[in-house]
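Each chain, letter by letter, is given below.
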Amino acid sequence: VNLRAVTSWVGIARLSAVVLACLAFSLVASTGDFGGPYGTWCMFTWCFCFAVTLLVLLLELLELYPKLPLSWDDFTSAFSMLAALMVFTASVVFPSTFIISPCSGSKCARQAVATAASCLCFLAYALEVGLTRAKPGDISSFLSTVPGLLKVFEAYVACLIFSLLDNYGSEAGLQWCVAVYSICFIVTLLIIIFTIGRCLSYIPCPLEKVLVGYNALALMMYITATILWPLYSFRGRSRPDPCGRDCWWNKHLGVTFLTIFNLIAYLVDLVYSTKTVFI
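Residues numbered from 1 in each chain as written. Predicted model: local features only at pLDDT ≥ 70, side-chain atom pairs only at ≥ 80, totals over all residues. Heavy atoms only, no water.

1. A short note on unusual backbone geometry
- The phi angle at Glu63 is positive, at roughly 55 degrees, despite the residue not being glycine.
- One can find Glu63 in the loop between helix 3 (36-61) and helix 4 (72-98). (Helix = DSSP H or I, 4+ residues; strand = E, 2+ residues; numbered from the N terminus.)

So this is what it looks like as structure tokens:
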């Protein structure tokens with residue numbers, strides 16, 4: 001038994017995340033008000049992060065993880081980053097969707113405490129990311145470095161974009177943007193999977209230079225999407241009144257901002273990778 005799995009700072013952060021995620025989904029489940037796609041997503045996020053983090057703790061406590069056919073450090077780094085992003089999204093989506101003002105009664109109190117627990121859970125995962133991130137000059141797993149963590153961020157943001165896509169088949173410019181999101185997501189996801197599965201060593205070319213080239217190509221593609229998506233989405237179309245939760249205008253505006261976020265992520269990724277490889 002490896003007691004450091006639960007007594008180290010990383011272990012304490014994981015234990016805190018397990019307790020807080022359990023508290024969040026238990027309180028929301030007790031209210032019975034988590035229907036619809038947004039509530040389902042929030043419940044899935046808390047349950048998924050709780051289950052996987054508990055599994056990670058058990059595998060490290062019993063020292064069974066070396067028997068798994070994967071890069072454990074890459075897996076845990078990628079999961080902690082993904083969990084931080086998922087819980088952060090749930091911490092924003094749940095209160096904005098289910099807590100109605102004026103807020104009173106035991107149901108509202110449980111929803112508020114669940115939101116607070118979710119925010120603290122995000123901080124626990126963010127702390128784990130900070131503790132396990134490779135420092136400059138360290139020889140460590142790829143997904144614990146800044147470019148590796150950015151790959152997880154880029155893939156997650158692309159998933160959020162896909163969840164908001166609506167009515168894009170009528171314009172060639174919008175179809176190109178969807179192709180950009182899809183191609184970059186698939187390549188980024190393959191990089192993450194191959195890294196965790198220890199398959200990158202089979203690539204018959206310098207991996208670092210390949211990643212720099214891919215980041216440059218993805219950045220150029222996202223520049224075109226950043227220009228074309230709002231141009232073709234809002235050209236000659238005003239915001240409907242009223243514009244409810246499922247309004248197409250809000251979805252297209254969300255895709256616009258998420259595209260900009262991924263554009264910035266690929267730019268930082270390219271700068272950092274270029275500096276690492278060539279400078």
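2. Some words on the packing of aromatic side chains
- Applying the stated criterion across every chain yields a total of 16 aromatic pairs.
- A centroid spacing of 6.3 Å and a plane angle of 80 degrees characterise the contact between Tyr214 and Tyr266, whose relative ring orientation is edge-to-face. Here Tyr266 lies in helix 9 (residues 248-278) and Tyr214 lies in helix 8 (residues 207-234), a separation of 52 residues in the sequence. The residues Tyr214 and Tyr266 share a single accessibility class, namely buried.
- Here a set of aromatic residues connected by ring pairs shows up, and it is made of Trp41, Phe44, Phe48, Phe79 and Tyr125. (Phe/Tyr/Trp six-rings, centres within 6.5 Å; stacked < 30°, edge-to-face > 60°. Buried < 20%, exposed > 50% of the residue type's maximum accessible area, 1.4 Å probe, protein only.)

3. Overview of the nonpolar core
- Grouped together as the largest cluster of nonpolar side chains are 28 residues, with contacts concentrated most on Val28, Cys42, Trp46, Phe94, Cys121 and Tyr125.
- Taken together, the elements giving at least two residues each to this core come down to helix 2 (9-31), helix 3, helix 4 and helix 5 (105-132).
- The element that contributes the greatest number of residues to this core is helix 4, accounting for 9 residues.
- Core analysis: the next-biggest nonpolar cluster, separate from the first, contains 24 residues, Leu165, Ile191, Tyr214 and Leu263 among them. (Core = buried A, V, L, I, M, F, W, Y, C linked by side-chain atoms within 4.5 Å.)

4. Overview of the UniProt feature "transmembrane region" (unreviewed entry) in the protein
- With numbering aligned to this structure, UniProt lists the feature "transmembrane region" (unreviewed entry) at residues 6-29, 41-59, 79-100, 112-130, 142-164, 176-196, 211-232 and 253-272.
- Counted over residues 142-164, helix gives 83% and strand 0%. Its end C-alpha atoms are 30 Å apart.
- Strand forms 0% of residues 211-232 and helix 100%; the C-alpha atoms that close the span are 31 Å apart. (UniProt positions renumbered as here; feature names shortened; annotations may be inferred.)

5. Topic: the packing of helix 6 (residues 146-164) against helix 7 (residues 172-196)
- At a closest axis distance of 9 Å, the pairing of helix 6 and helix 7 adopts a crossing angle of 140 degrees. By the angle class used here, helix 6 and helix 7 are oblique. For the pair helix 6 and helix 7, the sense of crossing is left-handed. The segment helix 6 lies against helix 7, with Lys151, Val152, Glu154, Ala155, Ala158, Cys159, Ile161 and Phe162 engaging Tyr181, Ser182, Phe185, Thr188, Ile191 and Ile192.
- Residue composition of the contact of helix 6 with helix 7, grouped by class: 10 nonpolar, 2 polar and 2 charged. (Axes fitted to C-alpha atoms, helices over the stretch in contact; angles between N-to-C directions. Parallel < 35°, antiparallel > 145°, perpendicular 65-115°, else oblique. Left-handed = near helix turned anticlockwise from the far one by under 90°. Contact = heavy atoms within 4.5 Å. Nonpolar A, V, L, I, M, F, W, Y, C, P; charged D, E, K, R; others polar.)

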